[in-house]
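So you can see what is in the structure, the chains are spelled out below.
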Amino acid sequence: MSQQFDLVVIGGGPGGYEAAIRAAQLGFKVACIEKRIHNGKPSLGGTCLNVGCIPSKALLDSSHRYEATTHDLAEHGISTGEVKFDLDTLLARKDKVVDQLTGGVAGLLKGNGIEWLQGSGKLLAGKKVEFTPFEGDVQVLEPKYVILASGSVPVNIPVAPVDEDLIVDSTGALKFPEVPKRLGVIGAGVIGLELGSVWRRLGSEVVVFEALDAFLPMADKALAKEFQKILTKQGLDIRIGAKVAATEVNGREVTIKYNQAGEDKEQVFDKVIVCVGRKPYAEGLLAEDSGIKLTERGFVEVNDQCLTSVDGVYAIGDLVRGPMLAHKAMEEGVMAVERIHGHAAQVNYDTIISVIYTHPEAAWVGLSEEAATEKGYTVKAGQFPFAVNGRALAAGSAETAGFVKFVADEKTDRLLGMHVIGPNASDIVHQGMIAMEFVSSIEDLQLMTFGHPTYSEVVHEAALAVDGRAIHAIQRKRKK
Ligand code: FAD
Ligand code: AMP
């Protein structure tokens, strides 16, 4: 290749494309290699834009509107008559949103003077990159820096082999041609709960099988308990401690065989979604002598600044340790580039937000009460429900479930974590994230004036509740 690049990014997902853009802003000559074909066309944006965050949120939004129209309007005195949805239109809208965003990323790369190399990239020894285009000859690039951003793929389990028809992974579950009457979901993680909710709202009878004995073990216990109660009330049949041992396809049906509480059971479904996690994807990415070290679980080994075992080569996003989240990948991409440029950038891994986009949403940042206690903090915690919040009550009973909970250090009053179930939890939780970034105390939050009537008043009340002084509750343990 005639052109000399300062930086080659392998992978054009949220981690890779943000790294490429930031590098171009800083004056680097950048190429981004991406091999994804989506709906027959080369596509940027990675898992997130093509088959992850965005299409799943498009379906969550459409299905929520349908459910809200059929369930939540009567109390407002609004009658609608028969409400129907057209699945083809609903799926086509999702595809349009995906096209708009992936096209937008292509425009951003072009506008920033970044070369999108369509095909596969492989890191060779000595920091060289082999580029195999969809068409044409293989080329070897010799950039000054490389960022590996090849992302992740769904985990397959031998007990439920994906056939892309009756047994699908998260990608297949974004495009069922019709609503399955009986839907089995294996894995009660974030993706399983979101996709299970989409199809339940559209009419499927959904059973979620979770092998572990706890629901959302990584979440704050109070949040997990409330969340499971709410989802169950909505009609998701969540079976905890139910390990799927086999699946059997008979004609157009799948039998799931599972073990729960020592008992072997089985149930028949029309479709099954396998959502048992994701694994780093490095197939064809590294020549044997590339010098890159992998961990036992297949992640590229990196330090806190995402530098690999090879000088000048960074790795980011789902390919490396930490939560598999788009915003984490994005910030790592920016950090890697800024480090290359000589800035002292550092992602704060303690304030990465987690969100589950059901309705109500569940979201958290920082430590759960249990994790904080385990870390040796003397914990104080407080929570406040949306059920008595003026704005939530005015909006309707669909918005009154859940609470905001704060976890803090009794000794220093420092905020350690925030846990939210409720309306707009995905946005509300950013208040906790910003507060934690500014090393806020609970008192800081107590002293602020929150607008009325807003959902955010629950944030204020939860901060007050930590010290037993919430106003719209009878709090007996007044300390201050
Ligand atoms: P990816 O987005 O996976 O991008 C990597 C890209 O690299 C891919 O496009 C791949 O084709 C390309 N590539 C790989 N190898 C090569 C190679 N050798 N040469 C050229 N190109 C290559 N996260 C959130 O934060 N919020 C959410 O709401 C959310 N929802 C999700 C819902 C679903 C159904 C799924 C599956 C995931 C969801 N995620 C969500 C996770 C999120 O999609 C990932 O964390 C994010 O996409 C990771 O970004 P990345 O840049 O590391 O990798
Ligand atoms: P996550 O990694 O958050 O996407 O969640 C995936 C979930 O799938 C985990 O909670 C696993 O315990 C669960 N899981 C994995 N294998 C099985 C299985 N065979 N049967 C039921 N659940 C499973």
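Please refer to the structure placed before this passage.
Quick look at the structure, then. (Residues numbered from 1 in each chain as written. Chains lettered and ligands numbered in written order. Predicted model: local features only at pLDDT ≥ 70, side-chain atom pairs only at ≥ 80, totals over all residues. Heavy atoms only, no water.)

## Comments concerning the overall build of the protein
Phase 1 of the analysis: Looking only at helices and strands, one finds 12 helices and 24 strands in the protein.
Phase 2 of the analysis: A compact globule built from 480 residues should have a C-alpha radius of gyration of about 23 Å, and the protein, at 24 Å, falls within 12% of that.
Phase 3 of the analysis: Overall, the C-alpha framework of the protein stretches about 70 × 60 × 45 Å when taken along its three principal axes.
Phase 4 of the analysis: Looking at the protein residue by residue over its 480 residues, the buried ones come to 51%.
Phase 5 of the analysis: At a minimum sequence separation of 6, the contacts of the protein that also span at least 24 residues come to 62%.
Phase 6 of the analysis: In the form shown here, the protein has an accessible surface area of approximately 22,000 Å², with 51% of it arising from carbon and sulfur atoms.
Phase 7 of the analysis: Positive and negative charge centroids in the protein, built from 50 and 62 side chains respectively, lie 3 Å apart. (Helix = DSSP H or I, 4+ residues; strand = E, 2+ residues; numbered from the N terminus. Rg over C-alpha atoms; globule rule 2.2 N^0.38 Å. Buried < 20%, exposed > 50% of the residue type's maximum accessible area, 1.4 Å probe, protein only. Contact = heavy atoms within 4.5 Å. Areas by Shrake-Rupley, 256 points an atom, 1.4 Å probe, with all protein chains shown as cover. Lys, Arg positive; Asp, Glu negative; His and termini not counted. Charge placed at Lys NZ, Arg CZ, Asp CG, Glu CD.)

## So, the site of ligand 1
Phase 1 of the analysis: The local shell around ligand 1 holds 39 residues, among which Glu 34, Thr 47, Lys 57, Asp 318 and Ala 326 are the closest.
Phase 2 of the analysis: Gly 15 is positioned such that a nitrogen or oxygen atom in its backbone is 2.9 Å from an oxygen atom of ligand 1.
Phase 3 of the analysis: In the complex, 95% of the free accessible area of ligand 1, which totals 1,000 Å², lies under the protein chains.
Phase 4 of the analysis: Of the residues forming the shell around ligand 1, the biggest block, four residues, is contributed by helix H2 (residues 46-51).
Phase 5 of the analysis: Split into classes, the residues belonging to the shell around ligand 1 amount to 15 nonpolar, 18 polar and six charged. (Near = heavy atom within 4 Å. Polar contact = N/O pair within 3.5 Å; in protein donor to acceptor, adjacent residues only side chain to side chain. Nonpolar A, V, L, I, M, F, W, Y, C, P; charged D, E, K, R; others polar.)

## Points about the sheet that holds strand S11 (residues 182-186)
Phase 1 of the analysis: As summarised here, the arrangement of the five strands in space is S10-S17-S11-S12-S13, forming an open sheet in which the pairing is parallel. Across the chains shown, the open sheet's two edge strands, defined by having one partner strand only, are strand S10 (167-168) and strand S13 (237-240).
Phase 2 of the analysis: Of the strand pairs in this sheet, S11 and strand S12 (residues 205-210) are connected by five bridges, and their pairing is parallel. When the sheet's bridge partners are listed, Ile 186 is paired in S12 with Phe 209. (Pairing = 2+ DSSP bridges.)

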